Structure formats: structure tokens, C-alpha cells
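One letter stands for each residue in the lines below.
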Amino acid sequence: MTPSLAIVIPAHNEAGRIRSVLADIPQEMAGIGRIVRIVIDDGSTDGTGAAAKHGGAVVLRHRVNLGVGAALHTGTEAAIRLGADIIVHMDADGQHPPADLPRLVQPLLDGDVATSAIRQFARPMPWLFIFGNRFLALVTRGLFALDNPDTQCAYRAFWARAWPDLRWQSSDYAFASEMLVRSHRGGIRWTLVPIQTVYHDRYKGTGISDGIRILRKLVTWRLTP
């Protein structure tokens, strides 16, 4: 049976970009049946939800901004309720090129359970994010023997059956690290897929305060069986 695919996109005030992101998602993919696009309007005030709906997506809305982790949690569970076999997480701002989707999904069709995109730590990624991403990846490897050079990249795909081992509690950017830690403890191995590095907003992403919270959570998770 040909698997169905759900692309889950969290969006906060992305009315200017969400329609072009949706338009660039392939309508068909080899080895995939139905493709559904799900956008979670995470408390936007700029018409993001309406733009996503006009772009052909199923739109869910949080009345207030709960955070990217909460939005992806909502979207992932909705995708599973809709019967999706494969779940893809993708950003709404164009940082995750839809053209890389087939390469991200193909390892799953070949038998893998989960795939994670990894970016090149080079320009146009801001220097602060290059340093922060490298540092968190090193800490994660040291604490959990988990080797992923880009733990903060949220462009990922996995079989829906793996959701019980991936389900995170973090509502903020820490969800990306928690997802990896939980899956690691559940015995799930992530296949790494290199993608091009795209940055449209210099100050958008995991900032210093986010990085500190993630670091604290990593230590807490390490100390908690």
C-alpha cells in the first residue's frame, strides 16, 4: 500500500511567505500517495492562517502564540488523526527548501524510521547561530552519545508509528533536542540528510536565551532516567 504523507508547518506571522512555501511543495512524490499540508497558525496577527488556507493547506489555529514545539505537537497529532503514514516537519519561512523533500523522505521508503536534515554551518547562517548550533550539538553528543551535527534543525521526517517514542513536552525550541533525546532512548536512529543552508531573517531562530534554556533542559534530561 502506498503511504500517505503529511507536511506539518508551524507558522507565526508568516503571511508574507507561507503561500510561496506551500506552492513550492511537490504535488506528487515517487512512492507516496496522498499528500496533505497542515499549517498551524500559532497565534498570528497578520493573516497567516488565511494565507495558508488560500494556499491549499489544512489550517489549525492556536488563539495565542504557544511556541514552535507546541505548534508542531498539535500538527503532528492532527496529521496522525487524518491517517498520515509519514510525517514531515517544515518551517514556514522558507529555510527548509521543499525541493529537498524527496531526499528527506526516500530513506523512509527504503526502510529507515526517521530522517533529519542537516545544514552546512556556513554563511548565510549568522555567526551567532553557527556557534550556538555547534555548541549544542557538542553538548548533546557529550551527554547522550548522540551524534547529530545539527540538533536544532527541525526539518525532519518519520513514520507515524514512531510518534510514541518521539512525543515531546517542550513548547519552545527545545522540542528539537527533546525529540532527539527521546528517540535515542527509544532506540530510533536518525538518518542524516544534508540540505542547503537558507536564511532570510538574520535574527530569527534559536537565540542566546533559547540556547541557555535548551542547555539547562539537556542537563535535566541527562540526570532524569
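Look up: the structure comes first, before these words.
(A) Main features of the sheet that holds strand β2 (residues 35-42). One open sheet accounts for seven strands, arranged β3-β2-β1-β4-β6-β5-β7; its pairing is mixed. Only two strands of the sheet have a single partner each, and these edge strands are β3 (58-62) and β7 (190-194). Strand after strand, the sheet turns through a mean of 20° between neighbouring axes, direction not considered. In the sheet, strand β1 (residues 5-11) pairs with strand β4 (residues 86-89) via four bridges, with the strands oriented parallel.

(B) Looking closely at the packing of helix α7 (residues 175-185) against helix α8 (residues 208-223). Viewed as axis vectors pointing N to C, α7 and α8 meet at an angle of 20°, and their least axial separation amounts to 10 Å. What the angle tells us is that α7 and α8 run roughly parallel. Our pair here, α7 against α8, has a crossing hand that is right-handed. Here S177, E178, V181 and R185 of α7 lie close against α8, whose contacting residues are I214, L218, W221 and R222. A class-by-class count of the residues in the contact of α7 with α8 yields four nonpolar, one polar and three charged.

(C) Seen up close, the pattern of salt bridges. In total, this model carries nine salt bridges according to the counting rule given. Taking the shortest distance from any N to any O, the salt bridge between D147 and R141 comes out at 3.9 Å. Owing to a relative accessible area of 59%, D147 belongs among the exposed residues under this scheme. For R141, a relative accessible area of 42% gives the class partly exposed. Here K217 makes a salt bridge to D172, at a shortest N to O gap of 3.6 Å. Note that K217 is positioned in helix α8 and D172 in the loop between α6 (163-166) and α7, a separation of 45 residues in sequence. The partly exposed category is assigned to K217, whose relative accessible area is 26%. Here the salt bridges do not stand alone but share partners, grouping D172, D210, R213 and K217 into one network.

(D) Seen up close, unusual backbone geometry. Here the phi dihedral of N13 falls at roughly 55°; this positive angle occurs in a residue that is not glycine. By the element assignment, N13 lies in the loop between β1 and α1 (18-24). Phi angles above zero are rare outside glycine, and A145 is one such case at about 55°. Mapped onto the elements of the fold, A145 is located in the loop between α5 (127-144) and β6 (156-159).

Calculation notes
Residues numbered from 1 in each chain as written. Predicted model: local features only at pLDDT ≥ 70, side-chain atom pairs only at ≥ 80, totals over all residues. Heavy atoms only, no water. Pairing = 2+ DSSP bridges. Helix = DSSP H or I, 4+ residues; strand = E, 2+ residues; numbered from the N terminus. Axes fitted to C-alpha atoms, helices over the stretch in contact; angles between N-to-C directions. Parallel < 35°, antiparallel > 145°, perpendicular 65-115°, else oblique. Left-handed = near helix turned anticlockwise from the far one by under 90°. Contact = heavy atoms within 4.5 Å. Nonpolar A, V, L, I, M, F, W, Y, C, P; charged D, E, K, R; others polar. Salt bridge = Lys/Arg side-chain N within 4 Å of Asp/Glu carboxyl O. Buried < 20%, exposed > 50% of the residue type's maximum accessible area, 1.4 Å probe, protein only.

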